[in-house]
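Structural characterization, general
The primary structure of each chain is shown beneath.
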Amino acid sequence: MTLCLERRQHPRFQVKSRVAVILERGRIRDIYHGDTCNLSMGGAGIFCDLKRCEEAESVTVVLFSLVPHLSIRARILQVGDLESGGLPLLRVAFTGFGSDEGVRLSTSLISPYSRG
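Here's a quick rundown of the structure. (Residues numbered from 1 in each chain as written. Predicted model: local features only at pLDDT ≥ 70, side-chain atom pairs only at ≥ 80, totals over all residues. Heavy atoms only, no water.)

Per the counting criterion, the structure on display carries one aromatic pair. Ring centres of Phe-94 and Phe-97 lie 6.0 Å apart, and the angle between their planes is 70 degrees; on these two criteria the pair is classed as edge-to-face. With a relative accessible area of 11%, Phe-94 lands in the buried category. Phe-97 sits in the partly exposed class, given a relative accessible area of 29%. (Phe/Tyr/Trp six-rings, centres within 6.5 Å; stacked < 30°, edge-to-face > 60°. Buried < 20%, exposed > 50% of the residue type's maximum accessible area, 1.4 Å probe, protein only.)

Moving on: the nonpolar core. Core analysis: the largest hydrophobic core is formed by 25 residues, its most contacted members being Ile-46, Leu-50, Leu-90 and Val-92. Here this core takes four residues from strand β7 (residues 70-82), the largest share from any one element. Not counting the four nearest positions on each side in its chain, Leu-90 is found in contact with Val-21, Ala-44, Gly-45, Ile-46, Cys-48, Leu-50, Cys-53, Ile-76, Gln-78 and Val-79. (Core = buried A, V, L, I, M, F, W, Y, C linked by side-chain atoms within 4.5 Å. Helix = DSSP H or I, 4+ residues; strand = E, 2+ residues; numbered from the N terminus. Contact = heavy atoms within 4.5 Å.)

Further remarks concern the pairing of strand β6 (residues 58-63). Across the six residues of β6, five count as buried, placing the element largely inside the fold. Pairing of strand β3 (residues 18-23) with β6, which is carried by five bridges, proceeds in the antiparallel orientation. Directly across from Ile-22, in β6, lies its bridge partner Thr-60. (Pairing = 2+ DSSP bridges.)

Glancing now at the pairing of strand β5 (residues 43-48). Burial analysis of β5 places six of its six residues in the buried class, which makes it a mostly covered element. Residues Gly-43, Gly-45 and Phe-47 line one face of β5 and the alternating positions Ala-44, Ile-46 and Cys-48 line the opposite face, and both faces are buried. Looking at chain direction, strand β4 (residues 31-39) and β5 are connected through five bridges and run antiparallel. Bridge pairing in β5 places Thr-36 opposite Ile-46. Between β4 and β5, which pair antiparallel in sequence order, lie three residues. Bridging between β5 and strand β8 (residues 88-96) involves five bridges; their strand directions are antiparallel. If you follow Phe-47 over to β8, its bridge partner there is Leu-89.

Next up, the structure:
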């Protein structure tokens, strides 16, 4: 995990985590899998097999790197060109955290840098 120094609302970390992106429509075929390439308290970059979606569409992002898994409501900002292994880069902005999800995400992002 490396820290990116950029002018952003939230620091972005280069974090790889398995994820599921669930379209709010809720049908089983609307669950897509991928990997994050970066993560912040404000959103994520995800290489994902999601090919058809609308910008501003609501989704749920499930991060599998934390136990129990972390589910965060998000909005699609952009679906980019094919990059890693032929998967498009999906950029999402987090729009809502559940009861302790924000604290758990913050702790998981910061903890590697707080050690000595």
